[in-house]
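What follows is each chain in one-letter form.
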Amino acid sequence: MGKSSTVTTGSLAPDFTLPSATGGEITLSSYRGRPVVLAFLRGFA
Amino acid sequence: MRDDYEKFTAVDAEVLAISAESVPAAQSFLKSHPLPYPCVVDADHTVFDAYDVTSRLMSLGQRPGLFVIDEAGTVLFDNVGNQQFNIPDNAKVLEVLETPRSA
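Throughout, a residue's number is its position along its own chain's written sequence, starting from 1. Here the convention is simple: chains get letters from A, ligands get numbers from 1, in the order in which they are written. Local features in this predicted model are restricted to residues whose pLDDT is 70 or higher, and side-chain atom pairs enter the listing and the counts only when it is 80 or higher, whereas totals over whole chains, interfaces and linings include all residues.

**Here we look at the sheet that holds strand β1 (residues 14–19) of chain B**
Point 1. In space, the five strands of this open sheet follow the order β2(B)-β1(B)-β3(A)-β3(B)-β4(B), with mixed pairing throughout. The open sheet has two edge strands, β2 (39–41) and β4 (75–80) of chain B, and neither has a second partner. When the angles between neighbouring strand axes are averaged without regard to direction, this sheet yields 15 degrees.
Point 2. At least two bridges found by DSSP between two strands are what make those strands a pair. Under the DSSP-based scheme used, a helix requires at least four consecutive residues in state H or I and a strand at least two consecutive residues in state E, with every element numbered from the N terminus. Where strand β3 (residues 65–69) of chain B lies against β4(B), five bridges are found, and the strand directions are antiparallel. Among the inter-strand pairings, B:G65 is bridged to a residue of β4(B), identified as B:V80.
Point 3. By definition, residue pairs are in contact when their C-beta atoms, positioned from the backbone, come within 7 Å. Each axis is a line fitted through C-alpha atoms, and for a helix only the stretch in contact is used; angles between axes span 0 to 180 degrees, taken between their N-to-C directions. Strands β3 (36–40) of chain A together with β3 and β4 of chain B of the sheet are contacted by helix α4 (residues 90–98) of chain B, whose axis makes an angle of about 15 degrees with β3(B).

So, in structure tokens, the structure goes:
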């Protein structure tokens, strides 16, 4: 078994609420019912 | 990702980008480079840590991460690369999304 902190296929995606860059907040679980492609950016440079 | 956004929406998927920049930095970037999908800001790296996509160091230490999450919140596909060129092919991501699921 891997570390429990590592998110891998088959595990529940950790939920979060973060400020949107365009205003307001977005909660991951508010997308339930539709698949989500979550892309971690490596900065904007 | 930007160019293939329509392909993702065509399979009824949402795209959410997450940045470790500050809110003002993200805002000023998006003003000149608008994204067709929402972008959230994880300034204190809580979520980057939760997904083990550590981004505390400068760009050399950052890891590109991409996760596909299904309708129930379960991870269908995960890819955390060690190098910038380890980003998965969008075709691969679409294949995951198009694979029938028992939901």
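That shown, we press on.
**Points about unusual backbone geometry**
Residues and elements named next belong to chain B.
Point 1. For D12, which is not a glycine, the phi torsion comes out positive at approximately 70 degrees.
Point 2. The topology assignment puts D12 in the loop between α1 (5–10) and β1.
Point 3. Residue D12 is classed as exposed on the basis of its 11 C-beta neighbours within 10 Å.
Point 4. In this structure, D52 is a non-glycine residue whose phi angle is positive, near 60 degrees.
Point 5. Summarising the element assignment, D52 is placed in the loop between α3 (46–50) and β3. Exposed residues have 12 or fewer other C-beta atoms within 10 Å of their own C-beta, buried residues have 20 or more, and residues in between are partly exposed; the C-beta atoms are placed from the backbone.

**Some points on the nonpolar core**
Point 1. Defined on buried residues, the nonpolar core groups Ala, Val, Leu, Ile, Met, Phe, Trp, Tyr and Cys residues joined through C-beta atoms within 7 Å. Core analysis: the largest hydrophobic core is formed by 33 residues, its most contacted members being A:V37, A:A39, B:F67 and B:V68.
Point 2. Counting only elements with at least two residues in this core, the list comes to β3 of chain A together with β1, β2, α3, β3, β4 and α4 of chain B.
Point 3. Ranked by the residues each element gives to this core, the list is headed by β3(A), at five residues.
Point 4. Not counting residues within four places of it along the chain, the set of residues in contact with B:F67 comprises A:V7, A:A13, A:L38, B:Y51, B:V75, B:F77 and B:D78.

**Observations regarding the pairing of β3(B)**
Point 1. Counted residue by residue, β3(B) has five buried out of five residues, so it is predominantly covered.
Point 2. Burial along β3(B) is two-sided: B:G65, B:F67 and B:I69 and B:L66 and B:V68, pointing in opposite directions, are all buried.
Point 3. In this structure, β3(A) lies alongside β3(B), joined through five bridges in antiparallel fashion. Bridging from a neighbouring strand, A:A39 pairs with B:L66 of β3(B).
Point 4. The turn linking β3(B) back onto β4(B) is made up of five residues, and B:G73 within it adopts a positive phi angle of 90 degrees.

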